[in-house]
Amino acid sequence: MIRYEIGIVDTRNVIKTLLDDFGYDFRDYALTAFKRRLEYVINSNGLRDADGLVNRLQNNKDFIGQFLHEISPDTTEMFRDPSFWRVLRDEVIPDIARGSANKPRIWVASFDSGEELYSLAIILKELNLLDSVQIYANVFTDKCINRIKSGRLDPKDLETNEANYQRLNGKAQYSSYYTMDGNTMVFDTDLVKNVTFVKQKTTVEDDPGAVKLAIFRNQIIYYNQLLQDKVIQKLTTSLVAGGFLALGIKETLENTNANNKFTVFNDNEKIYKRKTT
Amino acid sequence: MYKAVIIGGSAGSFQVITRILHSLSPNFPLPILLCLHRLKHVRSGFVEALSIKSGIPIIEPFDKDQIKPGRAYLAPANYHMYIELGNKIALSTEDPVNHSRPSIDLSFVTAAQVYREKLIGIILSGANRDGAYGLKKIKDLGGLAIVQDPEECQVKTMTEASLKMTKVDFVYNTNDIIKFLQNIKS
């Protein structure tokens, strides 16, 4: 249930502290979701209110790492939207793997808690292409890298994830990709052993370049329009001509200013293809 | 004087919603925001089913879509639907609230913060307590709170939870809700 509710003035105050004291710029995050994330961080750390959060940030210099980790929402699901992953497996990945001199670059540009990355790796493994591509993954914190490398994700609902995998018509059993350590699921870390992590500050600033597929699902929903345009611009320049961009199924380039740089590859799954010029 | 109507429903609300939408004329002066519990993995079919008899277009919005009068906006499966300042839809994949995504509480609370006293909130039949807090928030910020008469509901849990938490303005059966909406002038 919703407990403490943060007001707009207090929200701006936290944003100012993050910018002035730490150089992290959250000014162009979508306000409603960002407020909710702040409420979540305040509640989960036993803080009383926004002032409590500001105090904790200023008096405990290590807390910023924890904050950055908690402020971005967990992905929560493996193979979210199975039909998206089917199209990726059956149409997009075969396309980018074809006739490439170098290892094609796939960029999980989302700030993912690991589920998108592992879902992708499982699909590549089932296509026998895991070692034939170079995967880059965006992260905010070392904590996130460690969590992903340890295989100890926290995909919340086993039943949903298993059902998603079945709807995907995968080649194996979902359960063959993890072991249990007590009550904790530990995914097969071999899946991500060749992943290159790209550490970003509060949004997409660095890019690997020459990317053939960028996955950025359910991310621009957390940005306002200014930041949406800026980040999509970054992704656009990083993609090769004919490269693919995947957004969330309820995100659309039509609400950004990059629409004319892409053609629609699959409208239902919101997969776009970078135009040649 | 009102700027939007928001309706929350769950088990037993589909027929009520269908009747309400059927009764509206194409020049209904307000947007209608619909947050209905639905199967998370079934993406298509729901809008189509609701559209068959609806008097106004039903849209399953994309993130940042502009909210316009005379249309109904249905919260998409597996996303929360927020109302943002600037009269826009914002979507979110944050954790379920009250075991629900979309959560009625979240849609109601964010709509209340944007429209304040210019919002009409309606809670229909449903099997959990999602929406009760949201309706209270609408009332607290000066909006109008309506609850479907529990006696008419297929499942009373949601309406009874709402009535327990908030001193609502009206307890209406479906016909009264329809009459009320039809009398709204721009």
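Treat the numbers as computed from the prediction; the structure is a model and nothing was measured.

How would you summarise the overall build of chain B if you had to cite specific residues and measurements?
Looking only at helices and strands, one finds six helices and nine strands in chain B. Projecting the C-alpha coordinates of chain B onto the three principal axes gives extents of approximately 35 × 35 × 30 Å. Taking all 186 residues of chain B together, 54% fall into the buried category.

Before we move on, could you go through the interface of chain B and chain A and cite the residues and values that matter?
In this assembly, 18 residues from chain B lie in contact with 17 residues from chain A. For the side of chain B that touches chain A, the per-class residue count stands at nine nonpolar, three polar and six charged.

Describe the sheet that holds strand S7 (residues 239-247) of chain A, and please don't skip the residues or the numbers.
Residues and elements named next belong to chain A. One open sheet accounts for seven strands, arranged S5-S2-S1-S6-S7-S9-S8; its pairing is mixed. Both outer strands of the open sheet, strand S5 (196-199) and strand S8 (262-266), are each paired with one neighbouring strand and no more. Recorded for the sheet is a direction-independent mean angle of 25 degrees between the axes of neighbouring strands.

Mind laying out the sheet that holds strand S7 (residues 119-123) of chain B, listing which residues take part and the relevant values?
One key point about sheets: their strands pair by backbone hydrogen bonds, in either a parallel or an antiparallel sense. All names here are of chain B. As summarised here, the arrangement of the seven strands in space is S3-S4-S2-S1-S7-S8-S9, forming an open sheet in which the pairing is parallel. Strands with a single pairing partner mark the edges of an open sheet, and in this sheet they are strand S3 (58-59) and strand S9 (170-172). Running at roughly 145 degrees to strand S8 (residues 144-148), helix H5 (residues 157-165) makes contact with S7 and S8 of the sheet.

Can you explain the packing of helix H1 (residues 14-23) of chain B against helix H6 (residues 174-182) of chain B? Please cite residues and give values.
Residues and elements named next belong to chain B. Where H1 contacts H6, the axes come no closer than 10 Å and their chain directions differ by 30 degrees. Classified by the angle between their axes, H1 and H6 sit roughly parallel to one another. In the packing of H1 onto H6, the handedness of the crossing is right-handed. Each of Val-16, Arg-19, Ile-20 and Ser-23 in H1 lies in contact with H6, whose residues at this interface are Thr-174, Ile-177, Ile-178, Leu-181 and Gln-182. For the contact of H1 with H6, the residue count by class is five nonpolar, three polar and one charged.

Lay out the environment of A:Ala210 in plain terms, naming residues and giving numbers.
Residue and element names in this part refer to chain A. Mapped onto the fold, Ala-210 is located in the loop between S5 and strand S6 (211-216). Once the C-alpha coordinates of Ala-210 and Ser-44 are considered, the two residues, 166 residues apart in sequence, prove to be 40 Å apart. Those residues in contact with Ala-210 that sit more than four places away from it in its chain are Arg-105 and Val-240.

Describe the domain arrangement of chain A, and please don't skip the residues or the numbers.
Residue and element names in this part refer to chain A. Split into domains, chain A comes out as domain 1 (8-71) and domain 2 (82-274). Computed over C-alpha atoms only, the centres of domain 1 and domain 2 are separated by 27 Å. Between domain 1 and domain 2, the contact holds 10 residues from the first and 12 residues from the second. Broken down by element, the side of domain 1 that touches domain 2 gets its largest block of residues, three residues, from helix H4 (residues 63-71).

Please provide a residue-by-residue account of the environment of B:Ala77, values included.
All names here are of chain B. Along the chain, Ala-77 falls in the loop between strand S4 (72-74) and strand S5 (80-84). The spacing of Ala-77 and Pro-29 is 48 residues in sequence and 26 Å in space, taken between C-alpha atoms. Beyond its immediate stretch of four places on either side in the chain, Ala-77 contacts Arg-38, Leu-39, Lys-40, Val-42 and Arg-43.

Before we move on, can you summarise the packing of helix H3 (residues 104-115) of chain B against helix H4 (residues 132-140) of chain B with the specific residues and values?
All names here are of chain B. Viewed as axis vectors pointing N to C, H3 and H4 meet at an angle of 10 degrees, and their least axial separation amounts to 7 Å. As the angle between them shows, H3 and H4 are arranged roughly parallel. On H4, the residues that touch Ile-104, Asp-105, Ser-107, Phe-108, Val-109 and Ala-112 of H3 are Tyr-133, Gly-134, Leu-135, Lys-137 and Ile-138. Here the residues of the contact of H3 with H4 are counted per class, giving seven nonpolar, two polar and two charged.

For helix H9 (residues 225-238) of chain A, give the residues involved together with the corresponding values.
Residues and elements named next belong to chain A. Given a rise of 1.5 Å per residue, 14 residues ought to cover 20 Å, and the 20 Å separating the end C-alpha atoms of H9 matches this to within 8%. Where H9 is concerned, the buried positions are Leu-227, Gln-228, Val-231, Ile-232, Leu-235 and Ser-238. Buried residues of H9, seen end-on, are gathered within an arc of 125 degrees and therefore sit on one face of the element. Relative to its buried face, H9 has exposed residues pointing more than 90 degrees away, namely Leu-226 and Thr-237. Packed against the buried residues of H9 are strand S1 (105-108), S6 and S7.

Residues and numbers for the nonpolar core, please.
If you look at the biggest cluster of nonpolar residues, it comprises 130 residues, and the most contacted ones within it are A:Ala214, A:Leu245, B:Leu34 and B:Ala111. A total of eight residues in this core trace back to one element, the largest contributor, which is H3(B). Summarising the domain contributions, this core has at least three residues from each of domain 1 (8-71) and domain 2 (82-274) of chain A. Setting aside chain neighbours within four positions, we find A:Ala214 in contact with A:Trp107, A:Ala109, A:Leu235, A:Ser238, A:Leu239 and A:Leu245.

Basis of the calculations
Residues numbered from 1 in each chain as written. Chains lettered and ligands numbered in written order. Predicted model: local features only at pLDDT ≥ 70, side-chain atom pairs only at ≥ 80, totals over all residues. Helix = DSSP H or I, 4+ residues; strand = E, 2+ residues; numbered from the N terminus. Buried ≥ 20, exposed ≤ 12 C-beta atoms within 10 Å, placed from the backbone. Contact = placed C-beta atoms within 7 Å. Nonpolar A, V, L, I, M, F, W, Y, C, P; charged D, E, K, R; others polar. Pairing = 2+ DSSP bridges. Axes fitted to C-alpha atoms, helices over the stretch in contact; angles between N-to-C directions. Parallel < 35°, antiparallel > 145°, perpendicular 65-115°, else oblique. Left-handed = near helix turned anticlockwise from the far one by under 90°. Domains from an automatic or database assignment. Expected span 1.5 Å × (residues − 1). Arc of directions from axis to C-beta. Core = buried A, V, L, I, M, F, W, Y, C linked by C-beta atoms within 7 Å.

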